[in-house]
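Chains, contacts and geometry: an overview
Listed below, chain by chain, are the residues.
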Amino acid sequence: MSYLLTYKRFGKNSILIEWPNTIDEMILQSIIEYKSLIEKNIKNKSIINSYNSLLVSFNSLNNFQKTIDELKALYSKKKISEKLKFYRWYIPVCYENEFGSDLQDLEKKYNLDQEKIIKIHTAFNYKLYNIGFIPGFMYLGGLNKKIHFPRKRTPILDVKKGSVGIGGSHTGIYPHNSPGGWNIIGNSPVNLFNPNANPPCFIKPGDEVRFFTISKKDHKKIKSKVESNNYKLVKKLIND
Amino acid sequence: MIEVISSGLYSSIQDLGRFNYEEFGVPNSGNMDKFSSILCNNLLKNKDSDAVMEITMTGPKLLFKNRTKICITGADLSPKINNGSIEMNKVHNIHEEDVLNFGKLNYGYRTYLAVKGGFITDKIMGSRSMYYPITEKQKLKNGEVLFTKKVKTYDNHSNKYVFDYDEHFKKKIIYVYPGPEFNKLNKKQIVNLTSSEFTISNNNNRMAYQLNELFQNDIDPIISSLVLSGTVQLTPSGKLIILMRDNQTCGGYPRILQLSEESINRLSQKHAGKKIKFQIIDY
């Protein structure tokens, strides 16, 4: 599918390419394909995506119009030669109250059983739209409307590493101890960001995440396996 | 080797930054005022990319365990070797057991200390710039030890920067390009933005500078999108936030302006209470 895109200069050395202003899996697909084309065909750039844009940055952007023409030509003419592979990752989460510190509050506030919240949260596949804000934080879309809980008005200063949260229509996992305003419903023992690995995040935009419930005991077990580099996540190719 | 006897308010090791990892949410980090840090390295005949110490407002106390050469640029924090004042923007020979400390802040906000050959700290994702969780620490701690290269011979003549770069610390003007959502501002807002002075709030650090004055805002938030260091965001409550070197990589506030690189350097030398004025420039 072809979208009407806009190209804007953003800062001295970057070009912002924008898609229609909605969160949509088809748009994400188009962004990822274009990103892959740019990666293969345009030199000396870095490129990142969000829900509906790509930011292409250069060491120095000498000829803005010429670069835009090159980018436009790439979008209209070329097709991706090799098919991109996307995976669904199965991520273990312990939802017990020691970890899901906001579950009791959410139960009262929204009159929704804790068990129901967990059941809904583990029943769907979530699309990874982009990684950002802080290193390794995944914005996962596709959350069921029943568990859209608005962000807290004031962020908590010390959200624990691995905390699984809900922020509005998105869910995500805090990859490090950090401040954060999402409602915490569980914790995953999996390590999602490793600055010494290449790439530092093994899940990429366009991949999916599916959560499954584990006990406190399993959480401990998996955590020690993760620490000794001895834990392998289950993944499944989704676009065969 | 250098022992950090006391680290000061916020001192960290920084180089030119960490690039090509933005897609994983990793900020560029690096020296807040690159003009001063590059000047510091140049005077020592280091590479521009050598790691320097960035010192904020209150100086550390450092004990040198071996001979080296140093240079100090940026904010004037009354530097002293063994309690004797030394000149800024000039190369100094350092002997074993020399102690470097600092005093009163005379101008600016961030001081750069370079040693011959640069600080040799962990290089992660292509950079030594401290930023947690990429590096283990966000800033230097009391008692830690920093490695440097040994210097065999001293210079007889010392390099000194003779040009005045006062303007860099004194000028209020911050040059900005229109940001991606600039066209959502109305005429009155644009006039307001470029004719009023804004004050830097207490809420300022390596991640972002917030401004005190509230700005009339009726622009809706956007779907979380990409930002850069130097991006000026406008919050629903009318606060202006200028992202700096340790910036988040995405955000949902309209991006109304984008600072020039030179102006990010200039802003880095201003602390809470200082006034700035935006001036829009063309690409």
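Residues numbered from 1 in each chain as written. Chains lettered and ligands numbered in written order. Predicted model: local features only at pLDDT ≥ 70, side-chain atom pairs only at ≥ 80, totals over all residues.

1. Structural notes on the overall build of chain A
Our working rule: Strands are runs of DSSP state E lasting at least two residues, helices are runs of H or I lasting at least four, and both sets are numbered from the N terminus onward. Only C-alpha atoms enter the radius of gyration; for comparison, a globular chain is expected to reach 2.2 Å times N to the power 0.38, where N is the number of residues. To assign burial, the other C-beta atoms lying within 10 Å of each residue's own C-beta are counted, with C-beta atoms placed from the backbone; 20 or more indicates buried, 12 or fewer indicates exposed, and intermediate counts indicate partly exposed. Throughout, a pair of residues is in contact if the C-beta atoms placed from their backbones lie within 7 Å.
When you go through chain A residue by residue, the secondary structure sums to five helices and 14 strands. Taken over the C-alpha trace, chain A has a radius of gyration of 20 Å; the compact-globule value for 240 residues is 18 Å, and the two agree within 12%. Overall size of chain A, expressed as C-alpha extent along the three principal axes, is 55 × 40 × 35 Å. Taking all 240 residues of chain A together, the buried fraction comes to 37%. In chain A, of all internal contacts separated by at least 6 residues, the share reaching a separation of at least 24 is 64%.

2. Focus on the pairing of strand S10 (residues 107-115) of chain B
All names here are of chain B. Let me state the cut-off plainly: At least two DSSP bridges between two strands are needed for those strands to be called paired.
Counting buried residues along S10, eight of its nine residues qualify, which places the element largely inside the surrounding structure. Examined bridge by bridge, strand S3 (residues 52-56) and S10 share four bridges and lie antiparallel to one another. Its bridge partner being in S10, Met53 is matched across the sheet by Leu113. As defined by bridge partners, strand S5 (residues 68-76) adjoins S10 across six bridges and the pair is classed as antiparallel. Bridge pairing in S10 links Ile72 to Leu113.

3. A closer look at the packing of helix H1 (residues 25-41) of chain A against helix H2 (residues 64-77) of chain A
Residues and elements named next belong to chain A. Here is the rule we go by: For every element, the axis is a line fit to its C-alpha atoms; helices are fit only across the contacting stretch, and the angle between N-to-C directions ranges from 0 to 180 degrees. Each angle receives one of four descriptions, namely roughly parallel if under 35 degrees, roughly antiparallel if over 145, roughly perpendicular if within 65 to 115, and oblique otherwise. Left-handed is the label given to a crossing in which the near helix is rotated counterclockwise from the far helix by less than a right angle, and right-handed is the label when the rotation is clockwise.
Relative to each other, H1 and H2 sit at 125 degrees, their axes nearing to 10 Å. Here H1 lies oblique to H2, going by the angle between them. H2 is crossed by H1, and the crossing has right-handed handedness. In this structure, H1 contributes Tyr34, Leu37, Ile38 and Asn41 to the contact, and H2 contributes Leu71, Leu74 and Tyr75.

4. Points about the sheet that holds strand S4 (residues 53-58) of chain A
Residues and elements named next belong to chain A. The antiparallel open sheet is built from four strands, whose spatial order is S1-S2-S4-S3. Every other strand in the sheet has two partners, leaving strand S1 (6-10) and strand S3 (45-49) as the edge strands with one partner each. The sheet shows a mean angle of 20 degrees between the axes of neighbouring strands, direction not considered. As paired elements, S3 and S4 share five bridges and run antiparallel to each other. Across the sheet, the residue bridging to Ser46 is Ser57, located in S4.

5. Concerning the pairing of strand S9 (residues 163-167) of chain A
Residue and element names in this part refer to chain A. With respect to burial, S9 is a largely interior element, four of its five residues being buried. The pairing of S9 with strand S12 (residues 183-187) spans four bridges and is antiparallel. Bridge pairing links Val164 to Gly186 in S12. Relative to strand S10 (residues 170-173), S9 runs antiparallel, the two sharing four bridges. Pairing of Val164 across the sheet is with Ile173, part of S10.

6. Thoughts on the domain arrangement of chain B
Residues and elements named next belong to chain B. Put simply, the test is: In this document the domain limits rely on a domain assignment from an automatic tool or a database.
When the domains of chain B are assigned, the result is domain 1 (2-146) and domain 2 (171-280). Computed over C-alpha atoms, the centres of domain 1 and domain 2 are 27 Å apart. For the side of domain 1 that touches domain 2, the secondary-structure elements that each account for two or more residues are helix H1 (34-43), S5 and S10. When residues of the side of domain 1 that touches domain 2 are assigned to their parent elements, the largest contribution, three residues, is made by S10.

7. Quick look at the domain arrangement of chain A
Bring the parts together and some accessible area is lost; that lost area is often taken as the interface size. Residue and element names in this part refer to chain A. Going by this rule: Just so you know the grouping, Ala, Val, Leu, Ile, Met, Phe, Trp, Tyr, Cys and Pro go in nonpolar, Asp, Glu, Lys and Arg go in charged, and all remaining residues, Gly too, go in polar.
Domain boundaries assigned for chain A yield domain 1 (6-77) and domain 2 (87-237). The C-alpha-based centres of domain 1 and domain 2 are spaced at 30 Å. Contact residues are listed per partner, giving seven residues for domain 1 and six residues for domain 2. Looking at side-chain class alone, the side of domain 1 that touches domain 2 contains four nonpolar, two polar and one charged residues.

8. A closer look at the sheet that holds strand S7 (residues 84-85) of chain B
Residue and element names in this part refer to chain B. Taken in spatial order, the six strands make up an open sheet running S7-S6-S9-S4-S1-S11, and their pairing is antiparallel. Across the chains shown, the open sheet's two edge strands, defined by having one partner strand only, are S7 and strand S11 (145-146). Here strand S4 (residues 61-64) pairs with strand S9 (residues 99-101) via two bridges, running antiparallel. For Leu63, the partnering residue across the bridge sits in S9 and is Val99.

9. Considering helix H5 (residues 216-227) of chain A
Helical periodicity: at 3.6 residues per turn, an α-helix aligns residues three or four positions apart in one direction. Basically, it comes down to this: Residue count minus one, scaled by 1.5 Å, sets the expected span of a helix.
Its twelve residues give H5(A) an end-to-end C-alpha distance of 17 Å, which sits within 8% of 16 Å, the value for a rise of 1.5 Å per residue. A positive backbone phi angle near 60 degrees is found at Asn229(A), which sits one or two residues after H5(A).

10. A few points about the confidence of the model for chain B
Condition: Values of pLDDT, ranging from 0 to 100, describe the predictor's confidence in every residue of the model.
On average, residues of chain B score 95 in pLDDT, and 99% of them reach the 70 mark or higher. Two summary scores accompany this predicted model of the complex, namely pTM at 0.95 and ipTM at 0.93.

11. Side note on the environment of Val99(B)
Residue and element names in this part refer to chain B. Assignment of secondary structure puts Val99 in strand S9. Owing to 15 C-beta atoms within 10 Å, Val99 belongs among the partly exposed residues under this scheme. Note: C-alpha distance between Val99 and Asn83 (16 residues apart in sequence) is 7.9 Å.

12. Quick word on the environment of Thr171(A)
All names here are of chain A. The residue Thr171 is located in strand S10 in this model. Once the C-alpha coordinates of Thr171 and His148 are considered, the two residues, 23 residues apart in sequence, prove to be 9.0 Å apart. Beyond its immediate chain neighbours, meaning those up to four positions away, Thr171 contacts Tyr126, Leu140, Leu143, Val164, Gly165 and Ile166.

13. Details of unusual backbone geometry
With an omega dihedral of 0 degrees, the bond running from Asn198(A) to Pro199(A) counts as a cis peptide bond. Following the sequence through the fold, Pro199(A) ends up in the loop between S12 and strand S13 (208-213). The omega torsion of the bond from Tyr132(B) to Pro133(B) falls at 10 degrees, within 30 degrees of zero and hence cis. Structurally, Pro133(B) is set in the loop between S10 and S11. Non-glycine residue Asn229(A) carries a positive phi angle of around 60 degrees.

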